Amino acid sequence: MNIIVCLKRVPDTGARLEIEKDGMELKPDFPWILNPYDEFAIEEAIRIKERFGGNVTLITVGPEGGEEILKRGVATGADVEVYVKDPLLQGLDEINIAKVLSAVISTIPFDMILCGKQGTDSDSGVVGGALAGLLDIPLVSAVKRLNILPEERQAHALREVEGGAEVVECPLPALFTTHKGLNELRYPTLSGIMRAKKQEIRCLDLKSIGIAANHFSNRNFRRVGLSYPLLNRRGIILKGDIKRQVQEAVTFLKDEVRIL
Amino acid sequence: MIWVLGETRGDALAPVTYEALGAGRLLAGPFKRGLSLLLLGEGMDDLSKGVLKKADRIYLIEHKLLNSYTGYGYKKVLEEFFKDKDISALIIPGTSMGRDLAPLLSVSLGLSCLTNITGVEVINNTVHVKRPLYGGKIVETLALEGSAVISIMPRSFKEPEASERQGELIRVEARLTEEDLRVRPIEVLREIERREITEAEVLVAGGRGVGGPEGFHILEELASALGGLTAASRGAVDAGWRTHASQVGQTGKVVSPKLYIACGISGAPQHIAGMRTSRYVIAINKDPNAPIFREADLGITGDLFEVIPEVIKEIREIKGIQEGKP
Amino acid sequence: MSDRYDCIIVGAGPAGIAAAYKLAGAGLSVLVFERGGFPGSKNMFGGILYSTILNRLIPEFWKEAPVERHVVRRRYSFLSKDSEAAFDLKFDAFNNPPYNHSFTVLRARFDKWFAKKAEEAGAVVVTEAVVDDFITEGERVQGVKVRMEGGTVYGDVVICAEGANSLLSEKIGMKKRPDPANMVLGVKEIISLPKGVIEDRFSLEDGEGAALEFFGEALGGEIGSGFIYTNRETLSVGIGCPISVLKEKGMKPYELIESFKRHPSVKNFLRGGKIEEYSARMIPEGGYDSLPALTRDGLLLTGDCAGLVNPSLYKEGTNLAMASGVFAADTVIEAKEKGDFSKATLDGYVKRLQESFVLKDLKRYRDVPATLHSVPGFFKEYPEGIMELLQGHFTVTEESKEDVHREIKRLFRDKVSIWRLVRDIYKLRRLIT
Ligand SMILES: Cc1cc2nc3c(=O)[nH]c(=O)nc-3n(C[C@H](O)[C@H](O)[C@H](O)COP(=O)(O)OP(=O)(O)OC[C@H]3O[C@@H](n4cnc5c(N)ncnc54)[C@H](O)[C@@H]3O)c2cc1C
Ligand SMILES: Cc1cc2nc3c(=O)[nH]c(=O)nc-3n(C[C@H](O)[C@H](O)[C@H](O)COP(=O)(O)OP(=O)(O)OC[C@H]3O[C@@H](n4cnc5c(N)ncnc54)[C@H](O)[C@@H]3O)c2cc1C
Ligand SMILES: Nc1ncnc2c1ncn2[C@@H]1O[C@H](COP(=O)(O)O)[C@@H](O)[C@H]1O
């Protein structure tokens, strides 16, 4: 099984995020992390490789900072790191990121692709599906259980749907997007970390994968601003006698929420 | 034309279908565009009755292979359908179906793709849409400058008013084969009576403070007294007390109920990311400094096992009195 | 892990990284373990980096390092309960390189940058790696055990740069559990304010910084002091207080910093600011007389872990940590050439420390900690007495000046015995000179 895992770098949503004065960008001073959903993708790829052999290729696309997120994956057992790094990628929308990915991936033989279900930056969840569409391979999104049948070149996957789950079947090669709960993450080993430190990243730019800026399709939307969510919370914190507190809460339910 | 893709839930249209029509109206209105609803699958006639006055046209695209959702099946049929039609926007519910379909369809129709939209506004003849970023810590406003597939967050839009006129019902026969589906559903697992937390009006959520799986009984009781469902923090899910399907937060679900009651949840940013858009929030926590109180309309400081039984008692009393009335 | 390294370093603080940088530059194979997610992620200090050593390692480092501001203004203020007497100094000369070797920095940024420089020099820095134990053969330290799969690593020599709370050196018996009397708890908040507001409020130009130290009743009359340092868009605000005092009085660290921030003379500097971070950490202030053994076969202790903090008013630790790191590295390079990692060879490190400002300064200020404890009036009666004196002097009334003065002196004497005052002033001289 040759598996490709697509990785995205996202701001750590646990950190303080502030908007620049111009209201268009974030103040740059926040920590970046690997998209949490992508961790499940890496882990799943490594497990499949451990069972059936093959190799795991990590790919990330972006203008900067991709090195760190690739390294962690190698430290836990992935094999190859590919980084498409180009200043032109700054601010590119998901559909066009998928185009870049598909251009790179069509030069690499693979049996399956794993993406995160969505990036925790904008929660879009577009790149995986768009990539499957561009490569014209089956797509199963938000997978919580994955069973590969290498002989039959088939996969069975369980994905969550409203009010339950469904089990689906598809031929390989296919693209799966990973949901939390798919697996338990492992920690890197020291030898893995050392291997990752030594291993060289395969760095590509847009030109080297044959994409010119005019290959990109129109992005039919434009950011006009960032703002903080309006929270009109009353913010009343009651203390003391439980009965009194509960009475107030029930009045709130009756008069404000109007639910009783 | 503004298009809306409908979704069914059991024998009815999913609530998010109405919400998508609401979003569609907001887009269609100022530009005097028509609004059309697409319903895929067989036997939609009955279902379409409830929305006849909410759209200008209703297309029933029929084929037995469309009775359950498949990404490539839907994509193929819609690609064919839209061949000779103009699209200003195609609105798709942000559900497990819509999130799967939106990117596939965007690529095949050559449109931009915007997901997770929570608001639409028209300013100086430009459509502005809003979506939350970074777990809801920031809101992004985007100006729409061309056609796009837009998926909307459930419970973010209001159902549109019914118009005077009935929409026109148009039947389309689709062509589809088994091979087109690529991904074949082989089994559907329904949790008994489990409804979807993203679609609930009231959620009673529990965290590590609930202490164990048994602790959730009392939350269930409160939820049912309020006609809602229970949900959980990752703390409670990781402890194995609840399933991940009920997890609210960054790596769970984003919910926007009318009322969210957080019980024994500290209020980590990753949890807040999932519930910030709730209309009203009540927090019950015994730690007066718990960050969840900063996100609450009303905070109750105390042990949830003392507080909740009292609340249930009060609610039952009120309901009892109401029911007692003629 | 089968590889063997020339040197293994525990901790990517200023001490560990300075050593790594020097060693890697000399071509030795160096492996640094840091338990934080990245170097600096878990580190906190007051906020002034004294940089004579760093500038020798990386000349003109300020051109690339993430420093916040260079300190041109220093203000020492003496507080009583509600009044303040301050001594304010500003030197324009400090606006020129090397900027008086005093920069405000935020450790999360600075340590990360410094570690990156060491990596560029060839050191390997492994993060999220907690060292649990040394590996010994007889007396000789041969490597470390890291808390991860395959985490046994061997090296010719280990430099321990674990910081103030060094469990490893205690475990191996080089250090005792720190004596609470010698440990100061530092509590610090980062408070954000717009850049312009900071510059206006502290009368600074772009890039200039101020360091404000508060003594006397900074902590409601307890032993200890407070500080405010200006960063680019934040203030570092904090206090230091001996752990023994906290214990004795049953006080919580955040209560102390709150009471400091409420003082009328402090409050206004912070007005409108937003608290971004809170942290607390120990500073070993035992000084010269409580230094541990610094070497043994195959092992050297550096920085805070070796107790190398100047307990005077300067609160200088980073510079000493870096100096000790460099000296340890020099010694290891020498040992490598000789192929001898015995204590005898590694004691070259101690000699280097003794000949440098590190141990000379520590020796000079050796009495400071004891003095502070023996002059409790410094933090309570004196501030009040002196302030009353000054206030009386400056208060405008219709009484004759002579009467006023007589009355003030009487008041002060009631509070403070002259003999004790003279004795204490003599003792305190040591603090400043
Ligand atoms: C990448 C990432 C993704 C994450 N995703 C999510 C996510 O999707 N959803 C999520 O929720 N978390 C998520 N987390 C975890 C999150 O950071 C917190 O760890 C988690 O939300 C804590 O759960 P909790 O509030 O239930 O538990 P705790 O933080 O332990 O809080 C328990 C609370 O219960 C209170 N309490 C205890 N007993 C009682 C009582 N008897 N009565 C009243 N109050 C009581 C306590 O005062 C405390 O405030 C994520 C973390 C990371 C790093
Ligand atoms: C409140 C306060 C204010 C101060 N103000 C100043 C000031 O203004 N100016 C000044 O010069 N000094 C100041 N100091 C002192 C200064 O912070 C220290 O002297 C200096 O940081 C010491 O450097 P170090 O490298 O020895 O240790 P540290 O900076 O403490 O670094 C130790 C490193 O080791 C890591 N570590 C620890 N144990 C392990 C382990 N087992 N395995 C792996 N990694 C480990 C830690 O995570 C840390 O990164 C202050 C200190 C405090 C607490
Ligand atoms: N720049 C990128 N480089 C590589 N993979 C990406 C990139 N952006 C998104 N992905 C993948 O697509 C998934 C969904 O991201 P998104 O569509 O941005 O929500 C991520 O979890 C990644 O697996």
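Below, the structure is looked at part by part. (Residues numbered from 1 in each chain as written. Chains lettered and ligands numbered in written order. Predicted model: local features only at pLDDT ≥ 70, side-chain atom pairs only at ≥ 80, totals over all residues. Heavy atoms only, no water.)

**Digging into the site of ligand 3**
Residues and elements named next belong to chain A. In the region of ligand 3, 19 residues are neighbours, and Cys6, Asp38, Val61, Gly119 and Gly125 sit closest. Within the backbone of leucine 7, a nitrogen or oxygen atom sits 3.2 Å from a nitrogen atom of ligand 3. For ligand 3, whose accessible area on its own is 480 Å², the fraction buried by protein is 98%. Every element with two or more residues in the shell around ligand 3 is listed here: strand 1 (3–7), strand 4 (56–62), helix 3 (94–105) and strand 6 (112–116). (Near = heavy atom within 4 Å. Polar contact = N/O pair within 3.5 Å; in protein donor to acceptor, adjacent residues only side chain to side chain. Areas by Shrake-Rupley, 256 points an atom, 1.4 Å probe, with all protein chains shown as cover. Helix = DSSP H or I, 4+ residues; strand = E, 2+ residues; numbered from the N terminus.)

**Looking at the pattern of salt bridges**
What the rule picks out here adds up to 72 salt bridges over all chains. Among the ionic pairs, B:Glu168 bridges to B:Arg57, the shortest N-O distance being 3.6 Å. With a gap of 111 residues between them, B:Glu168 in strand 12 (residues 168–173) and B:Arg57 in strand 5 (residues 57–62) connect regions that are remote in the sequence. Residue B:Arg155 pairs with B:Glu201 through a salt bridge whose shortest N-O separation is 3.8 Å. Of the two residues, B:Arg155 is situated in the loop between strand 11 (148–152) and strand 12 and B:Glu201 in the loop between strand 13 (184–190) and strand 14 (202–206); the sequence distance between them amounts to 46 residues. Taking relative accessible area as the criterion, B:Arg155 reaches 25% and is therefore assigned partly exposed. Given the relative accessible area of 41%, B:Glu201 is considered partly exposed. When salt bridges that share partners are traced, they join A:Glu25, A:Arg223, B:Arg131 and B:Glu140 into one network. (Salt bridge = Lys/Arg side-chain N within 4 Å of Asp/Glu carboxyl O. Buried < 20%, exposed > 50% of the residue type's maximum accessible area, 1.4 Å probe, protein only.)

**Structural notes on the site of ligand 1**
In the region of ligand 1, 25 residues are neighbours, and B:Arg208, B:Ser233, B:Gln247, B:Ser266 and B:Asn285 sit closest. More than one chain lines the surroundings of ligand 1; the residues nearby belong to chains A and B. A distance of 3.1 Å separates an oxygen atom of ligand 1 from a polar backbone atom of B:Gly264. A distance of 2.8 Å separates an oxygen atom of ligand 1 from a polar atom in the side chain of B:Gln270. For the shell around ligand 1, the secondary structure elements donating two or more residues are helix 7 (234–238) and helix 8 (269–275) of chain B. Partitioning the shell around ligand 1 into residue classes produces five nonpolar, 15 polar and five charged. (Nonpolar A, V, L, I, M, F, W, Y, C, P; charged D, E, K, R; others polar.)

**Some details on the packing of aromatic side chains**
Tallied over the entire structure, the rule returns 20 aromatic pairs over all chains. An aromatic cluster of three or more residues is present, and its members are B:Trp3, B:Tyr59, B:Phe81 and B:Phe82. Directly above the ring of B:Tyr280 sits B:Arg279, whose terminal nitrogen or CZ lies 4.3 Å from the centroid. The side chain of C:Arg107 reaches across the aromatic face of C:Phe45, ending 5.2 Å from its centre. (Phe/Tyr/Trp six-rings, centres within 6.5 Å; stacked < 30°, edge-to-face > 60°. Lys NZ or Arg CZ within 6 Å of the ring centre and 35° of its normal.)

**As for the side chain of C:Thr302**
All names here are of chain C. By secondary structure assignment, the location of threonine 302 is in the loop between strand 17 (299–301) and helix 9 (318–338). By relative accessible area, which is 0% here, threonine 302 ends up buried. Filtering out sequence-adjacent residues up to four positions away, threonine 302 remains in contact with Ala15, Ile159, Cys160, Ala161, Ser324, Gly325, Ala328 and Tyr349. (Contact = heavy atoms within 4.5 Å.)

**A word on unusual backbone geometry**
All names here are of chain A. Here the bond from leucine 172 into proline 173 is cis, since omega is 0°, no more than 30 degrees from zero. Examined against the element boundaries, proline 173 turns out to sit in the loop between strand 9 (164–171) and strand 10 (174–178). A positive phi angle, near 55°, is found at aspartate 136, a position not held by glycine. Assignment of secondary structure puts aspartate 136 in the loop between helix 4 (127–135) and strand 7 (139–149). For aspartate 136, a relative accessible area of 41% corresponds to the partly exposed category.

**A closer look at the interface of chain B and chain A**
Accessible area lost on assembly of the parts is the figure often given for the size of an interface. With 92 residues of chain B at the contact, the number on the chain A side is 84 residues. Summed over both sides, the interface of chain B with chain A buries roughly 7700 Å², with 56% coming from carbon and sulfur. Between chain B and chain A we count eight salt bridges in total. Among the salt bridges present, the one from B:Arg182 reaches A:Asp136, with a minimum N-O distance of 3.2 Å. Taken together, the connections running from chain B to chain A amount to 52 residue pairs in polar contact (both at pLDDT 80 or more). For the side of chain B that touches chain A, a count of residues per class yields 42 nonpolar, 23 polar and 27 charged. (Buried area = accessible area lost by both parts, 1.4 Å probe.)

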